[in-house]
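Each chain, written out:
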Amino acid sequence: MASRKSRPERRQEPLSRERIVAAAVELLDAVGEGGLTFRALAERLATGPGAIYWHVTGKNELLAAAIDAVIAPTLAGDDTGTTPQEAIRSLALGVFDAIDAHPWVGTTLAQLPRTPGKSPMLRVFERIGRQVQALHVPEAAQFTAASALLSYILGVAGQNAANTRAAQANADRANTDRAAFLDAVATAWRELDPDEYRFTRDVAGQLREHDDRAEFVAGIDLILAGITAGRADGRTRP
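Nothing here was measured: the structure is a model prediction, and the numbers come from that model. (Residues numbered from 1 in each chain as written. Predicted model: local features only at pLDDT ≥ 70, side-chain atom pairs only at ≥ 80, totals over all residues. Heavy atoms only, no water.)

**Describing the overall build of the protein chain**
- If you tally the helices and strands in the protein chain, you get twelve helices and zero strands.
- When its helices and strands are written in sequence order, the protein chain yields α-α-α-α-α-α-α-α-α-α-α-α.
- Residues counted as buried form 35% of the 238 residues belonging to the protein chain.
- For the protein chain, restricting intrachain contacts to residue pairs at least 6 apart in sequence, the fraction spanning at least 24 positions comes to 66%. (Helix = DSSP H or I, 4+ residues; strand = E, 2+ residues; numbered from the N terminus. Buried < 20%, exposed > 50% of the residue type's maximum accessible area, 1.4 Å probe, protein only. Contact = heavy atoms within 4.5 Å.)

**Looking at the packing of aromatic side chains**
- According to the stated counting rule, one finds four aromatic pairs in the structure shown.
- For the ring pair F125 and F143, a centre distance of 6.2 Å and an interplane angle of 75° mean the geometry is edge-to-face. Placement of F125 in helix α7 (residues 122–134) and of F143 in helix α8 (residues 139–173) is noted, with a sequence separation of 18 residues between them.
- The class for F143 is exposed, based on a relative accessible area of 59%.
- Chaining the aromatic ring pairs together yields one cluster made of F96, Y152 and F216. (Phe/Tyr/Trp six-rings, centres within 6.5 Å; stacked < 30°, edge-to-face > 60°.)

**As for the nonpolar core**
- Counting 53 residues, the largest nonpolar core has L41, V124 and I128 as its most contacted members.
- Contributing elements (two or more residues each) for this core: α1 (17–31), α2 (38–45), α4 (59–71), α5 (84–101), α6 (104–111), α7, α8 and α12 (212–233).
- Aside from chain neighbours lying at most four places away, what touches V124 is I71, L75, L91, V95 and L150. (Core = buried A, V, L, I, M, F, W, Y, C linked by side-chain atoms within 4.5 Å.)

**A look at the packing of α1 against α4**
- Two elements in contact, α1 and α4, have axes whose closest approach is 9 Å; the angle formed by their N-to-C orientations is 85°. Here α1 lies roughly perpendicular to α4, going by the angle between them. Of the residues in α4, those in contact with R17, I20, V21, A24, V25 and L28 of α1 are E61, L62, L63, A65, A66, A69 and V70.
- Classifying every residue of the contact of α1 with α4 gives eleven nonpolar, no polar and two charged. (Axes fitted to C-alpha atoms, helices over the stretch in contact; angles between N-to-C directions. Parallel < 35°, antiparallel > 145°, perpendicular 65-115°, else oblique. Nonpolar A, V, L, I, M, F, W, Y, C, P; charged D, E, K, R; others polar.)

**A few points about the packing of α5 against α7**
- It is at 9 Å that the axes of α5 and α7 come closest, and there the two elements cross at 160°. By the angle between their axes, α5 is roughly antiparallel relative to α7. Crossing angle aside, the handedness with which α5 passes α7 is left-handed. For the pair α5 and α7, the contacting residues are P84, A87, I88, L91 and V95 in the first and V124, R127, I128, Q131 and A134 in the second. (Left-handed = near helix turned anticlockwise from the far one by under 90°.)

Take a look at the structure:
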(Lines give C-alpha, C1' and ligand atoms only; values in the text may rest on other atoms or scores of the structure.)
Protein backbone atom coordinates (compact mmCIF):
# COMPACT_ATOMS: atom_id res chain seq x y z
CA MET A 1 0.00 0.00 0.00
CA ALA A 2 1.48 3.34 -1.04
CA SER A 3 2.22 5.71 1.79
CA ARG A 4 0.34 8.97 1.80
CA LYS A 5 2.41 12.11 1.37
CA SER A 6 2.64 13.90 4.68
CA ARG A 7 1.13 17.35 4.80
CA PRO A 8 2.92 20.27 6.40
CA GLU A 9 2.01 20.68 10.04
CA ARG A 10 -0.69 23.27 10.44
CA ARG A 11 0.15 26.43 12.29
CA GLN A 12 -0.74 26.46 15.98
CA GLU A 13 -0.66 30.22 16.60
CA PRO A 14 -3.25 32.53 15.03
CA LEU A 15 -1.95 34.10 11.84
CA SER A 16 -1.17 37.78 12.31
CA ARG A 17 0.54 40.53 10.38
CA GLU A 18 3.45 40.36 12.82
CA ARG A 19 3.97 36.61 12.22
CA ILE A 20 3.74 37.12 8.47
CA VAL A 21 6.34 39.91 8.50
CA ALA A 22 8.68 37.93 10.77
CA ALA A 23 8.45 34.93 8.43
CA ALA A 24 9.07 37.21 5.44
CA VAL A 25 12.27 38.54 7.07
CA GLU A 26 13.45 34.96 7.65
CA LEU A 27 12.71 34.06 4.03
CA LEU A 28 14.45 37.17 2.71
CA ASP A 29 17.52 36.39 4.83
CA ALA A 30 17.59 32.88 3.42
CA VAL A 31 16.87 33.44 -0.28
CA GLY A 32 16.83 37.20 -0.94
CA GLU A 33 14.16 39.41 -2.45
CA GLY A 34 13.82 37.27 -5.58
CA GLY A 35 12.81 34.24 -3.52
CA LEU A 36 10.08 36.00 -1.56
CA THR A 37 6.77 34.85 -3.00
CA PHE A 38 3.42 34.48 -1.29
CA ARG A 39 3.48 30.78 -2.12
CA ALA A 40 6.87 30.28 -0.43
CA LEU A 41 5.73 32.39 2.51
CA ALA A 42 2.52 30.38 2.81
CA GLU A 43 4.52 27.14 2.94
CA ARG A 44 6.72 28.57 5.68
CA LEU A 45 3.66 29.59 7.67
CA ALA A 46 1.75 26.38 6.89
CA THR A 47 -1.23 28.29 5.58
CA GLY A 48 -2.73 29.37 2.27
CA PRO A 49 -1.75 32.47 0.26
CA GLY A 50 -5.28 33.80 0.67
CA ALA A 51 -4.84 34.01 4.43
CA ILE A 52 -1.74 36.15 3.95
CA TYR A 53 -3.56 38.52 1.58
CA TRP A 54 -6.04 39.15 4.38
CA HIS A 55 -3.24 40.91 6.30
CA VAL A 56 -0.97 42.20 3.49
CA THR A 57 -2.23 43.50 0.16
CA GLY A 58 0.82 42.70 -1.96
CA LYS A 59 4.55 42.14 -2.18
CA ASN A 60 5.53 45.80 -2.04
CA GLU A 61 3.63 46.30 1.21
CA LEU A 62 5.21 43.13 2.59
CA LEU A 63 8.73 44.27 1.65
CA ALA A 64 8.18 47.69 3.20
CA ALA A 65 6.90 46.07 6.39
CA ALA A 66 9.89 43.71 6.47
CA ILE A 67 12.30 46.65 6.15
CA ASP A 68 10.44 48.48 8.93
CA ALA A 69 10.78 45.41 11.16
CA VAL A 70 14.53 45.20 10.54
CA ILE A 71 15.15 48.92 11.07
CA ALA A 72 12.78 49.39 14.03
CA PRO A 73 15.32 48.29 16.69
CA THR A 74 17.66 51.09 15.61
CA LEU A 75 14.95 53.62 16.48
CA ALA A 76 14.17 52.20 19.91
CA GLY A 77 16.94 54.04 21.75
CA ASP A 78 16.56 57.25 23.72
CA ASP A 79 18.64 60.25 22.62
CA THR A 80 18.32 61.95 26.01
CA GLY A 81 21.69 62.92 27.41
CA THR A 82 23.56 62.63 24.12
CA THR A 83 24.80 65.30 21.75
CA PRO A 84 23.17 65.53 18.30
CA GLN A 85 26.40 64.22 16.77
CA GLU A 86 26.40 61.19 19.08
CA ALA A 87 22.73 60.51 18.37
CA ILE A 88 23.25 60.65 14.59
CA ARG A 89 26.34 58.48 14.83
CA SER A 90 24.51 55.88 16.92
CA LEU A 91 21.51 55.83 14.59
CA ALA A 92 23.74 55.57 11.53
CA LEU A 93 25.65 52.62 12.98
CA GLY A 94 22.37 50.91 13.87
CA VAL A 95 21.16 51.19 10.27
CA PHE A 96 24.60 50.11 8.98
CA ASP A 97 24.57 46.98 11.16
CA ALA A 98 20.96 46.18 10.26
CA ILE A 99 21.70 46.31 6.53
CA ASP A 100 24.92 44.36 7.05
CA ALA A 101 22.90 41.62 8.78
CA HIS A 102 20.10 41.78 6.18
CA PRO A 103 21.78 42.74 2.85
CA TRP A 104 18.50 42.54 0.94
CA VAL A 105 17.37 45.77 2.63
CA GLY A 106 19.75 47.90 0.55
CA THR A 107 18.69 46.48 -2.81
CA THR A 108 15.02 46.29 -1.91
CA LEU A 109 14.81 49.95 -0.92
CA ALA A 110 15.86 50.98 -4.42
CA GLN A 111 13.17 48.78 -5.99
CA LEU A 112 10.18 49.87 -3.93
CA PRO A 113 7.84 52.38 -5.60
CA ARG A 114 8.02 55.94 -4.30
CA THR A 115 4.71 56.30 -2.51
CA PRO A 116 4.23 59.70 -0.83
CA GLY A 117 4.52 59.41 2.94
CA LYS A 118 5.04 55.63 2.83
CA SER A 119 8.82 55.29 2.70
CA PRO A 120 10.15 52.60 5.07
CA MET A 121 12.96 55.00 5.97
CA LEU A 122 10.75 57.96 6.79
CA ARG A 123 11.17 57.42 10.54
CA VAL A 124 14.95 57.35 10.13
CA PHE A 125 14.76 60.59 8.17
CA GLU A 126 12.62 62.14 10.93
CA ARG A 127 15.09 61.05 13.61
CA ILE A 128 18.02 62.51 11.66
CA GLY A 129 16.12 65.71 10.96
CA ARG A 130 15.42 66.34 14.62
CA GLN A 131 19.11 66.06 15.41
CA VAL A 132 19.92 68.40 12.51
CA GLN A 133 17.54 70.89 14.09
CA ALA A 134 19.24 70.34 17.45
CA LEU A 135 22.50 71.35 15.75
CA HIS A 136 20.84 74.71 14.99
CA VAL A 137 21.29 74.31 11.25
CA PRO A 138 19.47 77.18 9.47
CA GLU A 139 15.93 76.17 8.55
CA ALA A 140 16.53 76.60 4.80
CA ALA A 141 19.43 74.11 4.96
CA GLN A 142 17.88 71.47 7.22
CA PHE A 143 16.36 69.37 4.42
CA THR A 144 19.67 69.29 2.54
CA ALA A 145 21.65 68.34 5.64
CA ALA A 146 19.26 65.56 6.68
CA SER A 147 18.98 64.25 3.11
CA ALA A 148 22.77 64.18 2.70
CA LEU A 149 23.15 62.17 5.90
CA LEU A 150 20.38 59.71 4.98
CA SER A 151 21.74 59.25 1.45
CA TYR A 152 25.22 58.56 2.80
CA ILE A 153 23.94 56.11 5.41
CA LEU A 154 21.80 54.10 2.99
CA GLY A 155 24.26 54.29 0.10
CA VAL A 156 27.37 53.27 2.01
CA ALA A 157 25.59 50.67 4.15
CA GLY A 158 23.99 49.08 1.08
CA GLN A 159 27.23 49.12 -0.90
CA ASN A 160 29.17 47.69 2.03
CA ALA A 161 26.70 44.83 2.38
CA ALA A 162 26.99 44.10 -1.35
CA ASN A 163 30.80 44.30 -1.24
CA THR A 164 30.95 42.04 1.79
CA ARG A 165 28.84 39.41 0.07
CA ALA A 166 30.93 39.65 -3.10
CA ALA A 167 34.20 39.45 -1.17
CA GLN A 168 32.95 36.47 0.79
CA ALA A 169 31.75 34.74 -2.38
CA ASN A 170 35.14 35.30 -4.03
CA ALA A 171 36.91 34.08 -0.91
CA ASP A 172 34.74 30.96 -0.86
CA ARG A 173 35.54 30.25 -4.51
CA ALA A 174 39.24 30.70 -3.80
CA ASN A 175 38.95 28.57 -0.66
CA THR A 176 40.36 31.37 1.50
CA ASP A 177 39.07 33.98 3.95
CA ARG A 178 38.03 37.60 3.45
CA ALA A 179 41.28 38.99 4.88
CA ALA A 180 43.31 36.97 2.39
CA PHE A 181 41.03 38.12 -0.43
CA LEU A 182 41.52 41.79 0.52
CA ASP A 183 45.24 41.22 0.77
CA ALA A 184 45.22 39.86 -2.77
CA VAL A 185 43.25 42.87 -4.03
CA ALA A 186 45.61 45.28 -2.24
CA THR A 187 48.59 43.52 -3.81
CA ALA A 188 46.99 43.86 -7.24
CA TRP A 189 46.42 47.57 -6.62
CA ARG A 190 50.08 48.05 -5.75
CA GLU A 191 51.02 46.55 -9.12
CA LEU A 192 48.91 49.00 -11.15
CA ASP A 193 50.47 51.54 -13.45
CA PRO A 194 51.94 54.30 -11.19
CA ASP A 195 51.06 57.10 -13.62
CA GLU A 196 47.45 56.08 -14.24
CA TYR A 197 46.63 54.85 -10.71
CA ARG A 198 48.90 56.83 -8.40
CA PHE A 199 46.27 57.39 -5.68
CA THR A 200 44.95 53.82 -5.79
CA ARG A 201 48.48 52.49 -5.37
CA ASP A 202 49.09 54.86 -2.45
CA VAL A 203 46.03 53.67 -0.48
CA ALA A 204 46.41 49.97 -1.25
CA GLY A 205 47.74 49.30 2.24
CA GLN A 206 44.69 50.98 3.79
CA LEU A 207 42.38 48.67 1.84
CA ARG A 208 44.18 45.69 3.32
CA GLU A 209 43.82 46.94 6.90
CA HIS A 210 40.59 48.96 6.86
CA ASP A 211 37.57 48.34 9.09
CA ASP A 212 34.22 48.88 7.34
CA ARG A 213 32.38 50.23 10.38
CA ALA A 214 35.21 52.59 11.33
CA GLU A 215 35.37 53.95 7.77
CA PHE A 216 31.60 54.39 7.78
CA VAL A 217 31.63 56.39 11.02
CA ALA A 218 34.53 58.49 9.74
CA GLY A 219 32.38 59.47 6.77
CA ILE A 220 29.49 60.45 9.07
CA ASP A 221 31.89 62.60 11.09
CA LEU A 222 33.12 64.32 7.92
CA ILE A 223 29.56 65.23 6.95
CA LEU A 224 28.75 66.42 10.47
CA ALA A 225 31.92 68.50 10.54
CA GLY A 226 30.88 70.16 7.29
CA ILE A 227 27.37 70.81 8.59
CA THR A 228 28.58 72.37 11.84
CA ALA A 229 31.33 74.37 10.14
CA GLY A 230 28.86 75.77 7.62
CA ARG A 231 26.43 76.62 10.41
CA ALA A 232 29.14 78.45 12.38
CA ASP A 233 30.35 80.74 9.58
CA GLY A 234 27.11 81.10 7.64
CA ARG A 235 28.22 79.08 4.61
CA THR A 236 25.50 76.43 4.95
CA ARG A 237 23.25 76.61 1.91
CA PRO A 238 19.87 75.03 1.13
